[in-house]
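Now for the letters of each chain:
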Amino acid sequence: MLTPLTEAKFFSCTQSTALAKKIAAAYGAKLGNVITSTYSDGEFQPSFEESVRGARLFIIGSTNPGADNLMEMLLMLDAAKRASARHITAVMPYFGWARQDRKDKPRVPIAAKMIASILETAGATRIITMDLHADQIQGFFEKPVDHLFASTVFLPYLRNLNLDYLTIASPDMGGSKRAYAYSKALESDVVICYKQREKANVISHMELIGEVTGKNVVLVDDMVDTAGTLTKAADLMIERGAKSVRAVCTHPVLSGDAYERVEKSKLEELIVTDSIPLRKESKKIRVVSCADLFADVMKSVHENRSISSKFLM
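So, here is what we can say about the structure in this document. Predicted, not measured: the structure shown is a model, and the values here were computed from it.

1. Details of the overall build of the protein chain
Regarding its fold elements, the protein chain presents 8 helices and 14 strands. Relative to the 2.2 N^0.38 estimate, which gives 20 Å for 313 residues, the radius of gyration of the protein chain is 20 Å and therefore close to what a compact globule would have. Principal-axis analysis of the C-alpha atoms gives the protein chain an extent of 60 × 45 × 35 Å. Residues counted as buried form 51% of the 313 residues belonging to the protein chain. Summed over its atoms, the accessible surface of the protein chain is roughly 14,700 Å², and 49% of this surface lies on carbon and sulfur atoms. Considering the protein chain, the positive charge centre built from 40 side chains and the negative charge centre built from 37 side chains are found 2 Å apart.

What follows is the structure in structure tokens.
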């Protein structure tokens, strides 16, 4: 094992402070001091209140919309670069704007590619993220990307439930690869939901491919936004004879009326990570922390060790 030549330092963007503290504690370190000054018009300026010259920086912050979360990450990357940090790793448990990964109609941006380029221009020399909306987004970066899978923390939770007649389900065709990976690890059946949308976040029709009668179903997805797809899928599966329906979603975006939809749905529970802090508590939402996973990977990166053991899928 190579001895690290640089000191590792940890800093957090504002909205990810709770997770960053857990990651730093699991690593065996403390968060560095950052002060953010805010002008009356909303403009803000982060400032590192300690020397970072020659250090390896891990800047932790999910970049979910609004744009302030992304802007804060960019400003901290730029500040670190100008302060002569040797390595600057952007640790983004949730990589925002990832759904815009292609032109699905004329005259629209490919936001995920644009943001990848901006992050690198701002100063990121490495990216650590988890469950990208599309795996190929890794190719939008010219710098190394460590793409982690939340299955590392979800699979032990699901095994501990000891569910009989377990079936893994994907809420859409795009998530079928993820569903098959979970089913292989859990030695279970797979079903797929086929949905048609009128527009973003609005489903016009949904059908089920596969049999769920008498099954305990676990839906798996990379994120839950409005919860419209998940709750509609759960209701459909109960109608088709499922014994129970749970959902495992890495990133709890939970916008709009999502919390109310989850509470009123047929879902037994919604299991998420703490990649994005919850806006409020819910008796149906269980949070499984990803802090240990990130801390282990960050330690391996700093010590130049392989992280392949962290990829269960």
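Following the structure, the description resumes.
2. Observations concerning helix 1 (residues 17–27)
For helix 1, the full list of buried residues reads Leu19, Ala20, Ile23, Ala24 and Tyr27. One side of helix 1 holds all its buried residues, which, seen down the axis, span an arc of 135°. Structural note: helix 1 exposes Ala18, Lys21 and Ala25 on the side pointing more than 90 degrees away from its buried face. Looking at the packing, one finds that the buried side of helix 1 touches strand 1 (8–12), strand 4 (56–60) and helix 8 (291–302). Positive backbone phi, at 95°, marks glycine 28, one or two positions downstream of helix 1.

3. So, the pairing of strand 11 (residues 216–224)
Among the 9 residues of strand 11, 9 are classified as buried, and the element is accordingly described as predominantly covered. Judged from the 4 bridges that link them, strand 8 (residues 166–170) and strand 11 form a sheet pairing that is parallel. Note on strand 11: the bridge partner recorded for leucine 166 is asparagine 216. Judged from the 8 bridges that link them, strand 11 and strand 12 (residues 244–252) form a sheet pairing that is parallel. Within the sheet, the bridge partner assigned to valine 218 lies in strand 12 and is arginine 246. A crossover connection joins strand 11 to the parallel strand 12 through helix 6 (residues 228–239); in handedness this β-α-β unit is right-handed.

4. Some details on the nonpolar core
In terms of nonpolar packing, the biggest core is built from 36 residues, with Ile128, Phe294 and Met298 touching the most fellow members. Among the elements that take part in this core, helix 8 stands out by supplying 7 residues, more than any other. Setting aside anything within four residues of it in sequence, one finds isoleucine 128 in contact with Phe58, Thr89, Ala90, Val91, Met92, Asp146, Leu148, Phe294, Val297, Met298 and Val301. In terms of nonpolar packing, the next biggest core, distinct from the first, is built from 32 residues, Ala85, Ala98, Ala112 and Ile127 among them.

5. Structural notes on the pattern of salt bridges
With the rule as written, the count across this model stands at 16 salt bridges. Arginine 102 is the partner of aspartate 101 in a salt bridge, and the nearest nitrogen-oxygen pair spans 2.8 Å. When its relative accessible area of 48% is taken as the criterion, arginine 102 is described as partly exposed. Measuring nitrogen to oxygen at the nearest pair gives 3.0 Å for the salt bridge that ties glutamate 269 to arginine 246. Here the residue glutamate 269 occupies a position in the loop between helix 7 (258–264) and strand 13 (270–273), and arginine 246 occupies one in strand 12, the gap between them amounting to 23 residues. Judged on exposure class, the residue glutamate 269 and its partner arginine 246 are both buried. Connected through shared salt-bridge partners, Asp78, Lys81 and Arg82 make up one network.

6. Structural notes on helix 3 (residues 111–122)
Compared with an ideal rise of 1.5 Å per residue, which puts 12 residues at 16 Å, helix 3 spans 16 Å between its outermost C-alpha atoms and is within 8% of the ideal. All of the buried residues along helix 3 are Ala111, Ala112, Ile115, Ala116, Leu119, Glu120 and Ala122. Taken around the axis of helix 3, the buried residues stretch over an arc of 170°, which confines them to a single face. The elements touched by buried residues of helix 3 are helix 2 (67–82) and strand 5 (87–92). Positioned one or two residues after helix 3, glycine 123 has a phi angle of 140°, which is positive.

7. Some details on the packing of helix 1 against helix 8
Direction vectors running N to C along helix 1 and helix 8 enclose 55°, while the axes themselves pass 8 Å from each other. The pairing of helix 1 with helix 8 is recorded here as oblique in orientation. Between helix 1 and helix 8 the crossing geometry is right-handed. Within the contact between the two elements, helix 1 uses Leu19, Lys22, Ile23, Ala26 and Tyr27 and helix 8 uses Ala291, Asp292, Phe294, Ala295, Met298, Lys299 and His302.

Rules behind the numbers
- Just so you know, the residues in each chain are numbered from 1, in the order the chain's sequence is written.
- Reporting in this predicted model follows two pLDDT cut-offs: at least 70 for local features of residues, and 80 or more for side-chain atom pairs to be given and counted; totals over whole chains, interfaces and linings ignore these cut-offs and use all residues.
- Hydrogens are left out, water is left out, and the side-chain values use all remaining heavy atoms of the structure.
- For helices the rule is a DSSP run of H or I covering at least 4 residues; for strands it is a run of E covering at least 2, with both sets numbered from the N terminus onward.
- The globule rule used for comparison is 2.2 Å times the number of residues to the exponent 0.38, while the radius of gyration itself is calculated over C-alpha atoms.
- Categorising residues by exposure relies on relative accessible area from a 1.4 Å probe, with only protein chains included: less than 20% of the type maximum marks a residue as buried, more than 50% marks it as exposed, and the intermediate range marks it as partly exposed.
- With residues, only the protein chains shown are counted as cover, and all accessible areas are computed by Shrake-Rupley using a 1.4 Å probe.
- Positive charges come from Lys and Arg alone, negative charges from Asp and Glu alone, with His and the N- and C-terminal ends not counted.
- Lys charges are placed at NZ, Arg charges at CZ, Asp charges at CG and Glu charges at CD.
- The arc in question is traced by the directions running from the helix axis to the C-beta atoms.
- Only heavy atoms matter for contacts: two residues are in contact if any of them lie within 4.5 Å across the pair.
- Two strands pair if DSSP finds at least two bridges between them.
- For the handedness criterion, the strands are oriented away from the viewer, and a crossover whose path from the first strand over the helix to the second runs clockwise is classed as right-handed.
- Side-chain atoms within 4.5 Å link the members of a nonpolar core, which is a set of buried Ala, Val, Leu, Ile, Met, Phe, Trp, Tyr and Cys residues.
- By definition, a salt bridge exists where a carboxyl oxygen of Asp or Glu is found within 4 Å of a side-chain nitrogen of Lys or Arg.
- Here, expected helix span is obtained from the residue count minus one, scaled by 1.5 Å.
- Here the axes come from fitting lines to C-alpha atoms, over the contacting stretch only for helices, and the angles between their N-to-C directions go from 0 to 180 degrees.
- Orientation labels follow simple angle bins: below 35 degrees gives roughly parallel, above 145 gives roughly antiparallel, 65 to 115 gives roughly perpendicular, and whatever is left gives oblique.
- Crossing handedness follows the turn of the near helix against the far one: under a right angle anticlockwise gives a left-handed crossing, and clockwise gives a right-handed one.

Limitation: the analysis is restricted to geometry and does not speak to function.
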